[in-house]
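Observations on the three-dimensional arrangement
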Amino acid sequence: MEAFLHQIFSGLAAGGIYASVALALVMIYTATHHINFAQGEMAMFATYIGWALIEQVGLPYWVAFFLTIAIAFVAGFTIERIVLRPLADKPVLSIIIAFIGLLVIFNALAGFFFSYTIKAFPSPFPTSPPFGNKFLSWHDLGTVGITVMVLLLLFGFFRFTPLGLAMRAAAFNPESARLVGIRVGLMLALGWGLAASIGGIAGMLVAHVVYLDPNMMSGILLYGFASALLGGIDNPGGAVVGGFIVGVAENLLGAYVIGTELKLSVALVLIIGVLLVRPAGLFGRRLVTRV
Amino acid sequence: MTSNQAAAPLATPLAKPATSWVTTGIFIAVLFALPYLLPVVLPELEGIITLKANFMIFQFTLVIIYAIAILGLNIVTGYSGQISLGHGAFYAIGAYTAAVLMDKLDVPYWATVPVSGALCMVVGFLFGLPALRLTGHYLALATFALALAVPQLLKYKHIEWLTGGVQGIVILKPDAPFGIKFMNADQWLYYFCLFVACIMFWLAMNLIRGRFGRAMIAIRDHPIAAEAMGVNNAMVKSMAFGISAAYTGVAGALGAIAIAFVAPDSFTVFLSISFLVGLVIGGLASISGAIFGAIFIQFVPNIADSISKAAPWAIYGMFLIAAVYVMPTGAAGLVRRLRG
């Protein structure tokens, strides 16, 4: 029973990471209807920036944390403006090729600037187990807490601020939004910036667990995809729920059914399964196309 | 968004054959003479059986193999408009099929190639059946997941007796048959791969120009119109996936024979991305583009590697993005345009 509980709690902690990545994917999907294949590598690169700020510049963790989020925001904004904006009306294949291009560029840049050696990433949370239990660490608890906090902040932002409303309008109906004076292009770039920031948060939280190296996000990105699809790719809340479900399911399956070696295959089966059985996900909107 | 995700604006459907028969003939003749031309072009390679000459021939063998793989990817992505980011998986299946057959069952190397192709065709068709319900991003996502999962699947401990686990399988490089003395193993393999490639390219050309090819292109450009014209979309799309996987599987088998070694970590997601790079640089929906693309992915990393370990991929990435902007029809399209 204890081992079982342990699996559930560490699943929830992993789920927090998947939920953050899924949230970043959903941000870009709702705004542009594209799935960002470079999301994982962008997060990885942001994490390296955070690492450099902490270890090499010597900033305190939380200062570096927020500075990284800001840098990631600017980087995401710039990437949308420079790379993706000119491709807006190109076919899907061109855009996916550009995403893959970004993926390999960030991977190579990280290897070039920071080398391929594995690095430890600090955690801002105390190492002693909280409240004397042995099921989860402060870092796990902090991960879940930060994920939920990010979700609440995003919810508040989109629900209660004029800018959030404008971004929703731009994503929902670009043409009408433009007619009422919203700068749709700017809103899309802001969405990219937000997504890059959320990815950076996920990267910094997970790097403490999986250690920092240029390929650290590939498996996590796959689980992020699975979470986003399971929750509904156009539903931020669904993505977070999906993340926690996937995290717990992955840990339980890994511990009791198939072993840890096939974890990525679980994500593959999950992705294909959701796409086939329920393409809209648990909480997504069913998409109807007029022909 | 309609389901017309295709590469449509990127491609010139059913253009007249890009190269005439004469140029094609000369090109093939040069390819066949290549092992003997190398010492002439590069005098420092004098004395054919030097290590360096053999290595160069080996590199050209790989170019041919990659060309077959990229041609396969082109059938599904360029012509039938389904985006696959996971063709490295079929390459891996082909390679492992060949290696296991040679290692465990002592099947002669040449016989493993059609078996690999057939097996990949079945696997590709079965993967294509559910995948055809997916379009655009979702298919890219599913195949991307496949590519990421493959190394892990190959290492799975319950099939280790078959695949050799992390260690992989070492196989013997075949010698020239019939006791031929004037050809060493590398040269023989070059000719063997070239022979297979000629057959595969010839088949592909006929496939594209025939009824099936037209059906694929019709589905890519307008799936609903194609369906209305009596094309069985589901069947054609799955078949396209299967044929494409068969091509990549054949390339994988040849690759395993040429390198004489297979291991899970040779088949990461970056292999699939290499094929995509070759496809985009070479030219979507172009037969000859596969050759340009293969030359690019074989030689550019070698040159870039001397700068830094990270340089090849940085260059790949920049070329990918640049190609989308300035060269949407790839090298083959550029050649077509230059010839007017």
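See above for the structure.
Residues numbered from 1 in each chain as written. Chains lettered and ligands numbered in written order. Predicted model: local features only at pLDDT ≥ 70, side-chain atom pairs only at ≥ 80, totals over all residues. Heavy atoms only, no water.

Right, let's talk about the overall build of chain B for a bit. A tally of helices and strands in chain B yields 14 helices and two strands. Out of the 340 residues in chain B, the part that is buried amounts to 59%. Put simply, chain B shows about 14200 Å² of open surface, and 72% of that area lies on carbon and sulfur atoms. (Helix = DSSP H or I, 4+ residues; strand = E, 2+ residues; numbered from the N terminus. Buried < 20%, exposed > 50% of the residue type's maximum accessible area, 1.4 Å probe, protein only. Areas by Shrake-Rupley, 256 points an atom, 1.4 Å probe, with all protein chains shown as cover.)

All names here are of chain A. The geometry of helix α2 (residues 39-57) relative to helix α3 (residues 61-84) is characterised by a closest axis approach of 9 Å and an angle of 140° between their N-to-C directions. Taken together, the axis directions place α2 and α3 in an arrangement best described as oblique. When the axes of α2 and α3 are compared, the crossing they make is right-handed. Residue-level contacts link Met 42, Ala 46, Ile 49, Gly 50, Leu 53 and Ile 54 of α2 to Tyr 61, Ala 64, Leu 67, Thr 68, Ile 71, Ala 72 and Ile 79 of α3. Residues of the contact of α2 with α3, tallied by class, amount to 11 nonpolar, two polar and no charged. (Axes fitted to C-alpha atoms, helices over the stretch in contact; angles between N-to-C directions. Parallel < 35°, antiparallel > 145°, perpendicular 65-115°, else oblique. Left-handed = near helix turned anticlockwise from the far one by under 90°. Contact = heavy atoms within 4.5 Å. Nonpolar A, V, L, I, M, F, W, Y, C, P; charged D, E, K, R; others polar.)

Right, let's talk about the packing of aromatic side chains for a bit. For the coordinates displayed, the defined rule picks out 34 aromatic pairs over all chains. With centroids separated by 6.4 Å and ring planes inclined at 90°, the aromatic side chains of Trp51(A) and Phe114(A) adopt a geometry described as edge-to-face. Of this pair, Trp51(A) sits in helix α2 while Phe114(A) sits in helix α4 (residues 92-114), and the two are 63 residues apart along the sequence. No difference in accessibility class separates Trp51(A) from Phe114(A), as the two residues are buried. Ring geometry for Phe127(B) against Phe241(B): centres 5.9 Å apart, planes inclined by 40°, an arrangement best described as tilted. Separated by 114 residues along the polypeptide, Phe127(B) in helix α4 (residues 109-131) and Phe241(B) in helix α10 (residues 233-259) bring together distant segments of the chain. The two residues Phe127(B) and Phe241(B) agree in class, both being buried. Clustering of aromatic rings is evident, with ring pairs tying together Phe45(A), Tyr48(A), Trp51(A), Phe106(A), Phe112(A), Phe113(A) and Phe114(A). Lys119(A) extends its terminal NZ or CZ atom over the ring of Trp51(A), reaching a point 5.0 Å from the ring centre. (Phe/Tyr/Trp six-rings, centres within 6.5 Å; stacked < 30°, edge-to-face > 60°. Lys NZ or Arg CZ within 6 Å of the ring centre and 35° of its normal.)

All names here are of chain B. Following the sequence through the fold, Leu 34 ends up in helix α1 (residues 21-41). Residue Leu 34 is classed as buried on the basis of its relative accessible area of 14%. For the pair Leu 34 and Phe 60, spaced 26 residues apart in sequence, the C-alpha to C-alpha distance is 8.9 Å. Those residues in contact with Leu 34 that lie beyond four places of it in its chain are Phe 60 and Tyr 190.

Turning our attention to the interface of chain B and chain A. Listed as interface residues are 47 residues of chain B and, on the opposing side, 50 residues of chain A. The junction of chain B with chain A conceals about 4300 Å² of combined surface from both sides, 80% of it contributed by carbon and sulfur atoms. Run the count over chain B and chain A and you get zero salt bridges. Summed over the shared surface of chain B and chain A, the number is three residue pairs in polar contact (both at pLDDT 80 or more). Counting only elements with at least two residues in the side of chain B that touches chain A, the list comes to α4, α5 (136-155), α11 (269-282) and α13 (311-326) of chain B. Tallying contributions element by element places α5(B) first for the side of chain B that touches chain A, with 13 residues. (Buried area = accessible area lost by both parts, 1.4 Å probe. Salt bridge = Lys/Arg side-chain N within 4 Å of Asp/Glu carboxyl O. Polar contact = N/O pair within 3.5 Å; in protein donor to acceptor, adjacent residues only side chain to side chain.)

Glancing now at the side chain of Thr68(A). Mapped onto the secondary structure, Thr68(A) falls in helix α3. Judged by relative accessible area, which is 1%, Thr68(A) ranks as buried.

The subject of this paragraph is the nonpolar core. Ranked by internal contacts, the top residues of the largest apolar core, which has 211 residues, are Phe37(A), Ile100(A), Phe225(A), Phe144(B) and Phe267(B). In terms of residue count, helix α2 (residues 51-79) of chain B provides more of this core than any other element does, 16 residues in total. Ignoring any residue separated from it by four or fewer positions in sequence, one finds Phe37(A) in contact with Ile96(A), Phe99(A), Ile100(A), Leu103(A), Leu221(A), Phe225(A), Leu85(B), His137(B), Ala140(B), Leu141(B) and Phe144(B). (Core = buried A, V, L, I, M, F, W, Y, C linked by side-chain atoms within 4.5 Å.)

What follows covers the pattern of salt bridges. Per the counting criterion, the structure on display carries four salt bridges over all chains. Here Asp103(B) makes a salt bridge to Lys104(B), at a shortest N to O gap of 3.1 Å.

With 27 residues, α10(B) extends 38 Å from end C-alpha to end C-alpha; this agrees with the ideal 39 Å at 1.5 Å per step. Of all 27 residues that make up α10(B), 23 are buried, and the element is covered over most of its length. (Expected span 1.5 Å × (residues − 1).)

This next bit is on α13(B). With 16 residues, α13(B) should cover 22 Å at 1.5 Å per step; its first-to-last C-alpha distance of 22 Å lies within 8% of that length. When we look at burial in α13(B), the residues that qualify are Ala311(B), Pro312(B), Ala314(B), Tyr316(B), Gly317(B), Leu320(B), Ile321(B), Ala323(B) and Val324(B). Elements that come into contact with the buried residues of α13(B) comprise α3 and α4 of chain A together with α11 and α12 (289-305) of chain B.

All names here are of chain B. The geometry of α11 relative to helix α14 (residues 330-338) is characterised by a closest axis approach of 3 Å and an angle of 10° between their N-to-C directions. In this view, α11 runs roughly parallel relative to α14, as classed from their interaxial angle. Here Val 280, Ile 281 and Gly 282 of α11 lie close against α14, whose contacting residues are Gly 330, Ala 331 and Ala 332. Grouping the amino acids of the contact of α11 with α14 by side-chain chemistry returns four nonpolar, two polar and no charged.

Glycine aside, the phi torsion of most residues is negative, and most peptide linkages are trans. Even without being a glycine, Tyr211(A) presents a positive backbone phi close to 70°. Here Tyr211(A) is to be found in the loop between α8 (184-210) and α9 (217-231). Located in the positive-phi region is Asp106(B), a residue other than glycine, with phi close to 55°. Tracing the sequence through the fold places Asp106(B) in the loop between α3 (87-105) and α4.

A few words on a nonpolar patch on the surface. Residues and elements named next belong to chain A. Taken together, Met 1, Phe 4, Leu 253, Tyr 256 and Val 257 make up a surface patch of nonpolar side chains, about 530 Å² in accessible area. Broken down by element, the residue count for the nonpolar patch peaks at three residues, all from helix α10 (residues 236-257). By secondary structure assignment, the location of Val 257 is in helix α10. (Patch = residues over 30% accessible without salt bridge, like charges linked within 9 Å, V, L, I, M, F, W, Y side chains within 5 Å.)

A word on the environment of Val57(A). When you line up the elements, Val57(A) lands in helix α2. Distance in space between the C-alpha atoms of Val57(A) and Gly145(A) is 27 Å, their sequence separation being 88 residues.

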